[in-house]
Structure formats: C-alpha cells, structure tokens
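This is what each chain is made of:
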Amino acid sequence: MNKVISATGIALALLFSTGFRGVEKAPGTLENKAIPKEKKALLNKIAGRWITQTNIHARNGQPASKVIGSDVWQWSPDGNFLLHIAYGIRDKNGFGGMEITGYNAKTGGFDSYNFNPDGSFSMGTLTIHNNTWIWNSENVRTTGVMDGDGKLLPVKHEITEDGKTYEVFMDGVLTKGSDF
C-alpha cells in the first residue's frame, strides 16, 4: 500500500512539474492543447472497470503463477489524461500500480507514464490502430486486441533485455465490468 501511495505522489509531482496547473497556464510551460475529440474517443474505449486474469510464465528461475486483478481507467477531472489504477493478487500477495496516459500534440500519439509496484516508473507510448492497443516502453511491450463490443481485451506482455529480442512473460484477458 505504501508503494501505491508513493507512486501516486510521484505521479502527481510529475503532472505538476510538466505543466499541469489546473485552469491557469503556468509561466514557462509549453502550450498544451486539449486532447482532440477523435483521439479522446479512441482512449474512451478502455475507460471503465475491468477484471483481469493473467498468467505469468516461468522465467529466470521463478515459477509460473496466476494473477487476478482489477483495472480502472478513468478520465482526470480536466478530461485530458486517462488515469489507470491496477490492483492484483499474486501468490496471495497484493500489489498495485498506476499509469497516466496523455495526448502528445507533437507526435499525434499518446505518452504513457507507468508507476510500478516496486516503486520504479517508466515512460512509454501507447498506439491504437483499429482495435489493436500497443504499449511500448524501454523493456516492456504489451499488445492487446479489443473485441468489437469493447468488452474483452486479451493481452500479451513481452520483455526484452537487448531492445531487439522479446519473450512473452505474461498473457491474460481483461473483461469489462462497467463503463463510467
């Protein structure tokens, strides 16, 4: 729980230090345009409450295991960021993490800031093409294909040590319970 609180503090500090200042424009910050409607519509497909069932593959001497969890994606109060809070149970131990996704006007894509259960964080990108969702960061790539109804999102998590060769370390299915 302390790690989740710590990650939340880091996330808020990151938002404030990168120009999130409520309704006022802070001096010295880059101009940030609101997320375009068509981009917001893409992200809105994942907004809601999800139940997650994941298989973690045996790796580096660690046994295979299963995770059951919940994922909640909701819009920030200003409607410009998608906040993702994840909780899970693995081997009778609870954990949680957080992600903040925002629109990048320079690239036309999405940037993703991930705060992990071990206290670390990473930055990456999210690409959405049709129903395929790809989260990329330095060492992890997650690919999901959402069904046509937007109620199932099977995912595959891959990890790389060299940035070229990936191996699957988790796979699972997210099932949407409700929209917001």
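As a convention, each chain's residues are numbered from 1 in the sequence order in which they are written. In keeping with the model being predicted, local features are shown solely for residues with a pLDDT of at least 70 and side-chain atom pairs are shown and tallied solely at 80 or more, while totals for entire chains, interfaces and linings include all residues. In computing side-chain values, all of the structure's heavy atoms are included and hydrogens and water are not.

> Could you clarify how one ought to interpret the pattern of salt bridges in this entry?
It is possible for side chains of opposite charge to pair when their charged atoms get near one another. Salt-bridge detection follows one rule: a side-chain nitrogen of Lys or Arg within 4 Å of a carboxyl oxygen of Asp or Glu. Throughout the structure, instances matching the rule amount to 6 salt bridges. Two residues, Arg59 and Glu161, come together in a salt bridge whose shortest N-O distance is 2.9 Å. A residue pair is termed long-range when its members are at least 10 positions apart, and Arg59 in the loop between strand S1 (48–56) and strand S2 (65–75) and Glu161 in the loop between strand S9 (152–160) and strand S10 (166–178) qualify at 102 residues. Assessed through its relative accessible area of 18%, Arg59 is described here as buried. A salt bridge links Asp179 to Lys176, with the nearest nitrogen and oxygen atoms 2.7 Å apart. Three labels apply to residues, based on accessible area from a 1.4 Å probe with only protein chains included: buried if under 20% of the type maximum, exposed if over 50%, partly exposed otherwise in between. By relative accessible area, Asp179 is classed as partly exposed at 46%. Linked through salt bridges whose partners overlap, the residues forming this network are Arg59, Glu161 and Glu167. Secondary structure elements are defined from DSSP: runs of H or I of at least 4 residues count as helices, runs of E of at least 2 residues count as strands, and each element is numbered from the N terminus.

> Is there a simple way to explain the confidence of the model for the protein in this structure?
Close inspection of predicted coordinates is inappropriate in any region flagged by low pLDDT. In the predicted model, the protein carries a mean pLDDT of 85, and the fraction of residues at 70 or more is 82%. For every residue, the pLDDT score states the predictor's confidence, bounded by 0 at the bottom and 100 at the top. Contacts are residue-level and defined by heavy atoms, with any inter-residue pair within 4.5 Å sufficient. Considering only residues more than four positions removed or in separate chains, one finds that residues 4–31, a stretch of pLDDT under 50, has 21 contacts.

> Looking at this structure, how should I read the side chain of Lys176?
Assignment of secondary structure puts Lys176 in strand S10. On the basis of relative accessibility, which here comes to 10%, the residue Lys176 falls in the buried class. Any pair of nitrogen or oxygen atoms within 3.5 Å is treated as a polar contact; in protein, a donor-acceptor pairing is required on top of that, and neighbouring residues in sequence qualify only through side-chain atoms on both sides. Of the polar contacts made by the side chain of Lys176, one reaches the backbone oxygen of Ala47; its length is 2.9 Å. Residues contacting Lys176, with those up to four places away along its chain left out, are Lys45, Ile46, Ala47, Gly48, Arg49, Trp50, Gly150 and Lys151.

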